[in-house]
Amino acid sequence: MTSRTQVRTQVCIIGAGPSGLLLSQLLHNAGIDTIVLERQSGDYVLGRIRAGILEQGMADLLRQAGAGARMDREGLVHEGLELCFYGDRRRVDLKELTGGDVVTVYGQTELTRDLMDARKAAGGITVYEAANVAIHDPAGDHPRVSYVKDGKTHEIACDFIAGCDGYHGVSRASIPDSVLRTFERVYPFGWLGLLSDTPPVADELVYARHERGFALASMRSQTRSRYYIQCAFDENLKEWTDDRFWDELRRRLPEELAAALVTGPSLEKSIAPLRSFVAEPLRHGRLFLAGDAAHIVPPTGAKGLNLAASDIQYLSQALISFYRDKAEEGLDGYSAKALARIWQAERFSWWMTMLLHRFPDSSPFDARMQRAEFENTTRSRHALANLAENYVGLPY
Ligand code: RFL
Ligand code: PHB
């Protein structure tokens, strides 16, 4: 027999990724009590190499959460990026095209670490390695969340549950099929990523369409690079030695960059599938979905983490005004408000993906259309400005 303990909190947050940790800090700063439940260990969460590009909104939220100091010191401000289409290189001046907006290069790992530290300093409770997390009665007035830790079952009674547990979490799965509608596109390829302690090949990110497939040159700092190449969706990671990766990357980058590429041993190598996904609505009674639990974008537009930030901004404001003013409008409007921005980011990420990848089933007509799309985008200032304003992030 296992014993069962029960505690109470105002908002139970499931998932200690960027969404859950950011929400916990914003609520804590407003005097709202939270408990965060995370299935993995803290080290495991920090070991996942993911996003690297922060929109202004995400950077501002991190500061608001009291966790922005290191990003302000160490983050790299990027005023532009490069698109390369079969060797044709075009710089996109984000700052000039948007009237001053830029992005910040700062790894999700570092951002997560900063949020974990801020939560620790604030004395907030995060339960790591919480197994069998289960949601009870989300549509009723007294929702609960149970979990198992060290062989003991625990239960949390709460006012609200924030489902910040990513694409494979329990939160979305706890909403009945009769309530939830999902929209999905799975792309017929993946991204093979490599992280190395080598200087980045260029000062700005380079998104390259090559006849062998897409490649991206990104970075985490002046001394740490992050590269991706498009691969088959069922690619075997074991078959990709570092040398094979570097050779393939060199083939796909513009010649001058390939010649300048500095290679070194990989610190991490992984394959990510590409998918577009949206669940609607984002609320079921007292359960709210945010971040990857609610939506997935292919990484081409660098929107996933940033979209999590806008969800959390809307949700935290709604919860704060509920507790401060007993106002329910924010909670009632959360799903529609967040989804409006989500669909814009979905469109942009889908469009960037279609523009820059090699599709195995593409016809000669499709190939010409992809080229025409590139020409249309780079020849027109209006089209470039549209790309730039989406890349730096739509306002929220
Ligand atoms: P996360 O980060 O997946 O965190 C969810 C957390 O919930 C935990 N969890 C559970 N906890 C308790 N009980 C359960 N049953 C649970 N099930 C899951 C998980 O262990 C995890 O810790 O979701 P969150 O917080 O919503 O954050 C979303 C971002 O992580 C994601 O959107 C980005 O990483 C996407 N992404 C990028 N986004 C950007 O904005 N810019 C980028 O440049 C960018 N590049 C990327 C990316 C994602 C990538 N991959 C691997 C998917 C590059 C890649 C390669
Ligand atoms: C990254 O650095 O991991 C990164 C950058 C831009 C993207 C996707 C991933 O579009």
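Structure: above.
In every chain, residue numbers begin from 1 and rise along the written sequence. Chain letters start at A and ligand numbers start at 1, both assigned in the order the entries are written. Local features in a predicted model are, by the rule used here, given only for residues with pLDDT of at least 70; side-chain atom pairs are given and counted only at 80 or more, and totals for whole chains, interfaces and linings are based on all residues. Note that water and hydrogens are dropped before the side-chain values are worked out from all heavy atoms of the structure.

So, about the environment of Glu 155. Where helices and strands are cited, they refer to DSSP runs of H or I of at least four residues and of E of at least two residues respectively, numbered from the N terminus. Inspection of the secondary structure puts Glu 155 in strand β12 (residues 152–157). Classification of Glu 155 by relative accessible area gives buried; the value is 8%. As for Glu 155 and Glu 110, which are separated by 45 residues in sequence, their C-alpha atoms are 31 Å apart. Whether two residues are in contact is decided by their heavy atoms: any pair within 4.5 Å suffices. Beyond its immediate sequence surroundings of up to four residues, Glu 155 is in contact with Arg 4, Thr 5, Gln 6, Val 7, Arg 144, Val 145 and Ser 146. Under the scheme applied here, a residue whose accessible area is under 20% of the maximum for its type counts as buried, over 50% as exposed, and between as partly exposed, the area being computed with a 1.4 Å probe on protein chains only.

Moving on: helix α10 (residues 329–356). For an α-helix, 3.6 residues make a turn, and residues three or four places apart therefore share a direction. By this rule the span expected of a helix is its residue count minus one, scaled by 1.5 Å. Helix length check: α10, at 28 residues, gives a terminal C-alpha distance of 41 Å against a target of 40 Å (1.5 Å per residue), a fit within 8%. The principal kink in α10, of about 35 degrees, is found at Ser 335. What is called the bend at a residue is the angle between a pair of axes, fitted to the seven residues leading up to and ending at it and to the seven starting from it.

The terminal C-alpha atoms of helix α12 (residues 381–392) lie 16 Å apart, and with twelve residues this matches the ideal 16 Å at 1.5 Å per residue to within 8%. Residues of α12 that are buried: Leu 384, Ala 385, Leu 387, Ala 388, Asn 390, Tyr 391 and Val 392. N-cap assignment for α12: the residue whose side-chain oxygen lies 3.1 Å from the backbone N of His 382 is Ser 380. Within two residues after α12, Gly 393 carries a phi angle of roughly 110 degrees, on the positive side. Whenever two N or O atoms come within 3.5 Å, that pair is a polar contact, provided that in protein one can donate a hydrogen and the other can accept it, and provided that, for residues adjacent in sequence, both atoms are side-chain atoms.

Attention now goes to the site of ligand 1. The nearness test applies per residue and asks whether one of its heavy atoms lies within 4 Å of the molecule or strand. As a matter of local geometry, ligand 1 sits amid 31 residues, with Ser 19, Glu 38, Arg 48, Gln 108 and Leu 305 nearest to it. At 3.2 Å, a backbone N or O of Gly 52 approaches an oxygen atom of ligand 1. A distance of 2.6 Å separates an oxygen atom of ligand 1 from a polar side-chain atom of Gln 108. When residues of the shell around ligand 1 are traced back to their parent elements, those giving at least two are α1 (18–29) and α9 (304–325). Ranked by the residues each element gives to the shell around ligand 1, the list is headed by α9, at three residues. A breakdown of the residues in the shell around ligand 1 according to their chemical character gives 13 nonpolar, eleven polar and seven charged. Following the grouping adopted for this structure description, the nonpolar residues are Ala, Val, Leu, Ile, Met, Phe, Trp, Tyr, Cys and Pro, the charged ones are Asp, Glu, Lys and Arg, and the polar ones are all others, Gly among them.

Axis lines are fitted to C-alpha atoms, over the contacting stretch for helices. Their N-to-C directions set the angle, which ranges from 0 to 180 degrees. Between α1 and α9, the shortest axis-to-axis distance is 9 Å and the interhelical angle comes to 30 degrees. Of the possible angle classes, the one that applies to α1 and α9 is roughly parallel. The handedness of the crossing between α1 and α9 is right-handed. Only Leu 305, Ala 308, Ala 309, Ile 312, Leu 315, Ser 316, Leu 319 and Ile 320 of α9 make contact with α1, whose side of the interface consists of Pro 18, Ser 19, Leu 22, Leu 23, Leu 26 and Leu 27. Here the residues of the contact of α1 with α9 sort into twelve nonpolar, two polar and no charged. Oblique is the label for any angle not under 35 degrees, not over 145, and not in the 65 to 115 range, which are roughly parallel, roughly antiparallel and roughly perpendicular in turn. Take the far helix as your reference; a near helix turned counterclockwise from it by less than a right angle gives a left-handed crossing, and one turned clockwise gives a right-handed crossing.

Okay, the packing of aromatic side chains next. Any Phe, Tyr or Trp ring, taking Trp's six-membered ring, that has another such ring centre within 6.5 Å forms a pair; planes under 30 degrees apart are called stacked, those over 60 apart edge-to-face, and the others tilted. In this structure the tally under the stated criterion is 19 aromatic pairs. Residues Phe 85 and Phe 374 carry aromatic rings whose centres are separated by 4.6 Å and whose planes lie at 15 degrees to one another, so their mutual orientation is stacked. Note that Phe 85 is positioned in strand β6 (residues 80–85) and Phe 374 in helix α11 (residues 364–379), a separation of 289 residues in sequence. Ring centres of Phe 322 and Tyr 323 lie 5.2 Å apart, and the angle between their planes is 85 degrees; on these two criteria the pair is classed as edge-to-face. Assigned by exposure class, Phe 322 and Tyr 323 land together as buried.

Formed by 72 residues in total, the largest nonpolar core has its most connected members in Val 11, Leu 22, Leu 23 and Leu 37. The biggest single contributor to this core is α9, with ten residues. Beyond its immediate stretch of four places on either side in the chain, Leu 23 contacts Ile 13, Ala 162, Cys 164, Ile 312, Leu 315, Ser 316 and Leu 319. In these notes, a set of buried Ala, Val, Leu, Ile, Met, Phe, Trp, Tyr and Cys residues joined through side-chain atoms within 4.5 Å is what counts as a nonpolar core. Within the second largest apolar cluster, 34 residues are counted, among which are Leu 76, Val 103, Trp 191 and Met 352.

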